[in-house]
Amino acid sequence: MTAGPGGGKTSAIRLWARARPDVRMSWLAPIDNEALAEALAALVGRPQSAGPSADDPARTAALAAEIAAALPPSLVLVVDEAQRIAPRTFGARLLEALCLHGGDNLHVVLISRSAAPFPVQRLRGLGHVFHVTAEHLAFTPEETRSLAGTVLKEETDGLAEEVQRLTTGWPVAVRLALGWLSGLPAADRLSRLASVADPLFDYLVEEVLDHCDARTHAFLWATAALPWFTPDLCAAIGLDISREEISALAAQHILITPGGGGYVATTLVREFAGDAGRPAAAKAARWFEERGFVREALAVCAEPAHLVTMIERWSDKVLADGHPAELVRACHAVPAASRTAAIDLAEGQARQVQGDWAGALECLRHADAAEPAVAWRTGMIHYHRGDYRAALAAFECGVVGDRAAPDEGMLLAWTASARWMFGDLENAARLARRALEIASGCGDERVAACAHTALAMVAHDEGDRAGSERHSGLAIAAAESAGDLLVAVRALSNRASHRTEEARYAEALADLEQAVRRAELVGAPVNAAVVLHNRAEALLGFGRLDEALTDFRQARDLLSQVGSDKQGHPLAGLGRVYLERGDLMRARTSYEDALNHAEQLNDVHLIQAVLAGLARIHAVDDPERAVELAERAVATGGGSGEVGALLAAGWAWAEAGDRAKAQSCAQAARTAAASRRDRAAAAEALELAAIVAADTPQARRDLLLAAGEIWAEIGSRLGSARNAYARACLERAGVREAERELRRAGVRGPQHSGAGLLRAVTLLDHGAVRFCVLGEVRLSRYGRAVPAAEWQSRKARDLLAWLVCQRGRPVAREAAVEVLWPGEDPVGCANRLSVALSTVRSILDPKRKFGPGAFVRADKYAIQLDGLRVDVEEFLAAAAEALRSEDDDLLVAAEARYTGEVCEDSPYHGWLEPLREEARAVHQAVLRKIASRARRAGEHDTAIRYLLRLLERDAYDEAAHLDLTLTLIRARRHGEARRRYRIYVEAMAELGVEPAPMPADALPSAVGG
């Protein structure tokens, strides 16, 4: 609803509301950009604040989805004076997201002087927008005539027509004009009206206010500066006006109107009054504070001394209630000469909660770094950024005295966490126990929660599962008791991580679902990223690779957006997913990026995990390098990554041919896994022993069967499929079905695996030569991968890849020369081409097993490939057959052959593009077909997996985004559906495309929920 001031917008909606008492309505008025989040969240009883971190689109969408999900059914939400919310601001994005997420459950009315602050063209095209303008709201001549008769008490036809002509039916102008005319003699009214000059509105307002007595003037100027007022407040600040007079003025809806906790001045009064009422606001601030309206008191207080006193007294409460933005505004209003250390600390803490780390550090810079209250807050900012050295330095600047105060306890608990990060378990435990003693002494539950969290981490690394579980439970209970959502998120996330390592995946996911909702709602990007990372680990344990990949990527992106160096953890997670899927090039890239982050931070836990992952990858073509990396991982120390390091070392030694050392690693891994109750690692240790330690086929079968039982018990589809495939290969029975199940679990194919069970048992065709260009370029020959060094020349490899792109067609030698040596003399390059051809033949068939014309035919005019197995051709043929037959098994098998884009490690060669684009398009067609058939069959998990894979290749595929959202809701995964819809909205925003609204089916109420 758009119209100028006094256009009757608010009155029209209030009249409609009175006529429809059956409609549930919530009214936000007046509202501004910063207060919008708090007002909306208050509707559903969830404290929330705007601020710098709220400007993050992910948080905006998360908040909107959370509010939309919690709103009562068929709510009409009215936002008055919406012109205060500027386009492209947090408030505008929040309103837009709420409209998109609300679906049929929510109706939004924007009352504004200007257009909606976000695009509505697509919503309008879908019939979701109805626009009421000033023309609709203007009084008709009949309405003006009727109102004139009521106000002037006489025959008014001529007068009413003149009023209509001058005002064009503008409601407030009509009311002001008639009110002014009623005070004039009847005989003078028409002539006085005809003499009114422009601008009419300003003239009428001045006329109306000039006719108010001094008492009314004083009342209007004083109350114009207040968020709301009551007759009691007016009396308290010395205004001479009765309750009856206030009620009569409000009934006119011209100068004041009902709103807030009592009444509010109208826009036209506030605009005319300006700052004239500020002196009275100082008295009002004391009235608000005495009655517990702290936010209102902070907003209107104009006395610096009183403002400082209030901030020092109430800052903790304002933050606990979830209003850091208001506390920042209050602190900012304190003049520099009046600022105290307490003000700096309060503003620093508020900015820290908002996610404004730079602003928080700037505030804390003025405070004494030795003060525990300053030290732990400063250190915590560095800790969340991932700068653990700076965090520990800041913590250790703090001086802990003999008093048992909460700030001393928080300092000790956070220092314990930093010590744990560096593997100093003894000092971490000592400091955490001291923090717990302080928490007991002063009765502070937040300190207790942080201390128990640190003790849980120490107990976990020491292999004390019961102790870790007990401290985690106590940490969560204490955080809930303290009402500190961020501490609760951290405790829940840590417990989930420990449960994941014990293969208690369902329990871990239950913890993480709680943590995800809280982290997103309070707007803590680092905490949200840690939760997403831990959820991805649990999903990976279940074998849900594509969902894990999505969470790892979101965690990485969140940490990147806020400039945190903790990105190494989700990068390592991505490496694990790619390694499991058989995408070794991407796995290596992710692990190497993670190692850079880990070494910069000296994060021993992450370093150990990354080295183990890299060892498994390098074992394929450089066993010596793999052994070196694995041994470094083992030497890094004990802790949660020890078992993974031992397993990687065992597989690496097996690849290197040292069976004795591989057996030793297998035994050590079994022992370590048992002590840590790590059932997934125990299963893999049995599989390693089956390969390197079993003396008889029966012993090997028994060990593999025991491992398979563990995989089944913990619910790991991937572990079970891998184990079943190994047993089928060794028994020479059911291999095809086992490989089909392996592909369904998300593994591209056993021949693409890194060091591990699949690679150890895969029986390759030792007489075949196979050239792979999907993903990283690689060649297998006689059952082994050809090391990169054996190519001798990059030109030889490029020549073979270029011939693959010719799809078996003969091509002129001159064309090959131009591709390999562009711009050089063709005659001079002829010999170089011959050398490259000789190198290609030599590397394809070094033993001359297949004859001189095998694989590459050449004469003095042309060259072509002939008889060489090429993975992209096998994929395209399999995909064509699968799409033609629409056989589900053939489709899944064809999709699994696509292990990456053509020559991903050579992205800039233009001659690759035609084949690359063709393979990409065919792969997307296969993915769409699988997802479509799965959706029609009601196989939601399968559809979700392949839609995620489609979005992995094209993050801006709108149809895939919306199909995924709908499929998730049909699987009754409503929370995840809303999260995926938010990702879609963000992707469309990057393209400048207005998103489609969330499908109505995607609301719980639409599916009986």
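Residues numbered from 1 in each chain as written. Predicted model: local features only at pLDDT ≥ 70, side-chain atom pairs only at ≥ 80, totals over all residues. Heavy atoms only, no water.

Novice: Would you mind showing me how to read a nonpolar patch on the surface here?
Specialist: Among the surface-exposed residues, Tyr 956, Leu 991 and Val 993 lie close enough to one another that they form a single nonpolar patch of about 250 Å² accessible area. Relative to the elements of secondary structure, Tyr 956 occurs in the loop between α49 (940-953) and α50 (958-970). For Tyr 956, a relative accessible area of 37% puts it in the partly exposed group. (Patch = residues over 30% accessible without salt bridge, like charges linked within 9 Å, V, L, I, M, F, W, Y side chains within 5 Å. Areas by Shrake-Rupley, 256 points an atom, 1.4 Å probe, with all protein chains shown as cover. Salt bridge = Lys/Arg side-chain N within 4 Å of Asp/Glu carboxyl O. Helix = DSSP H or I, 4+ residues; strand = E, 2+ residues; numbered from the N terminus. Buried < 20%, exposed > 50% of the residue type's maximum accessible area, 1.4 Å probe, protein only.)

Novice: Just checking my understanding: could you explain the nonpolar core for this structure?
Specialist: In summary, soluble globular proteins display a tendency toward joint burial of nonpolar side chains. Judged by nonpolar contacts, the single largest core of 111 residues is most densely connected at Ala 548, Phe 552, Val 577, Tyr 591, Val 610, Leu 647 and Leu 757. Ignoring any residue separated from it by four or fewer positions in sequence, one finds Ala 548 in contact with Ala 536, Leu 539, Leu 540 and Val 577. Membership of the second largest hydrophobic core comes to 66 residues, among which are Val 870, Leu 876, Ile 930 and Leu 947. (Core = buried A, V, L, I, M, F, W, Y, C linked by side-chain atoms within 4.5 Å. Contact = heavy atoms within 4.5 Å.)

Novice: Would you mind going over the sheet that holds strand β3 (residues 106-110) with me for this structure?
Specialist: Backbone-to-backbone hydrogen bonds pair the strands of a sheet. The strands run either parallel or antiparallel. With parallel pairing, the three strands of this open sheet are ordered in space as β1-β2-β3. Each edge of the open sheet carries a strand with a single partner, namely β1 (24-28) and β3. The mean angle between the axes of side-by-side strands here comes to 20°, regardless of whether they run parallel or antiparallel. Bridge analysis of strand β2 (residues 75-79) against β3 gives five bridges, and the strand direction is parallel. What sits directly across from Leu 77, in β3, is Val 108. Of the strands in this sheet, β1, β2 and β3 touch helix α1 (residues 9-19), which is tilted by about 155° from β1. Where helix α4 (residues 90-102) meets the sheet, its contacts fall on β2 and β3, and the angle it forms with β3 comes to roughly 150°. (Pairing = 2+ DSSP bridges. Axes fitted to C-alpha atoms, helices over the stretch in contact; angles between N-to-C directions.)

Novice: What is the right way to look at the side chain of Arg 676 in this model?
Specialist: Inspection of the secondary structure assignment puts Arg 676 in helix α37 (residues 659-676). In this structure, Arg 676 is buried with no salt-bridge partner, the nearest side chain bearing the opposite charge being Glu 501 at 4.1 Å. Of the polar contacts made by the side chain of Arg 676, one reaches the backbone oxygen of His 460; its length is 2.8 Å. (Lys, Arg positive; Asp, Glu negative; His and termini not counted. Polar contact = N/O pair within 3.5 Å; in protein donor to acceptor, adjacent residues only side chain to side chain.)

Novice: Any chance you could explain the sheet that holds strand β10 (residues 855-858) here in plain terms?
Specialist: Strand order in the open sheet made by the three strands is β9-β11-β10, with antiparallel pairing throughout. Lying at the two open borders of the sheet, with one neighbouring strand each, are β9 (811-812) and β10. Pairing analysis gives two bridges linking β9 to strand β11 (residues 862-866), with the strands arranged antiparallel. Paired with Val 811 across the strands is Ile 863, a residue of β11. Across the face of the sheet, helix α43 (residues 794-805) comes into contact with β9 and β11 while running at roughly 80° to β11.

Novice: Hey, could you run me through the confidence of the model for the chain in this one?
Specialist: In low-pLDDT regions, the fine details of the predicted coordinates are not to be read closely. With 91% of its residues at a pLDDT of at least 70, the chain reaches an overall mean of 85. Taken together, the stretch residues 49-54 has pLDDT below 50 and engages in 24 contacts with residues farther than four places along the chain or on a different chain. Segment residues 1002-1009: pLDDT under 50, and 18 contacts once partners within four positions in sequence are set aside and those in other chains are kept. (pLDDT = per-residue confidence, 0-100.)

Novice: Explain the pattern of salt bridges to me, please; I cannot follow it from the model alone.
Specialist: Scanning the model with the defined rule gives 76 salt bridges in all. With its nearest N and O atoms 2.6 Å apart, the salt bridge here joins Arg 365 to Glu 362. Of this pair, Arg 365 and Glu 362 both sit in helix α21 (residues 357-365), three residues apart, which is roughly one turn of the helix. Owing to a relative accessible area of 55%, Arg 365 belongs among the exposed residues under this scheme. Of the residues examined, Glu 362 reaches a relative accessible area of 38% and is grouped as partly exposed. Taken together, the shared-partner salt bridges in this structure form one network comprising Asp 546, Arg 553, Arg 581, Asp 583, Arg 586, Glu 895, Glu 904, Arg 949, Glu 952 and Arg 953.

Novice: Would you mind showing me how to read the pairing of strand β6 (residues 769-772) here?
Specialist: As a general feature of sheets, a regular strand has side chains that alternate between the two faces. On β6, burial covers both faces: Val 769 and Phe 771 on one face and Arg 770 and Cys 772 on the other are all buried. For β6 and strand β7 (residues 778-781), the ladder comprises four bridges, and the chain directions are antiparallel. When the sheet's bridge partners are listed, Phe 771 is paired in β7 with Leu 779. Adjacent in sequence and paired antiparallel, β6 and β7 are bridged by five residues, among which Gly 775 carries a positive phi angle near 85°.

Novice: I'm lost on the environment of Leu 63 in this one. Help?
Specialist: Relative to the helices and strands, Leu 63 is located in helix α3 (residues 57-70). According to the relative accessible area criterion, Leu 63 is buried, its value standing at 1%. Measuring from C-alpha to C-alpha, the distance between Leu 63 and Arg 24 comes to 22 Å, with 39 residues separating the pair along the chain.

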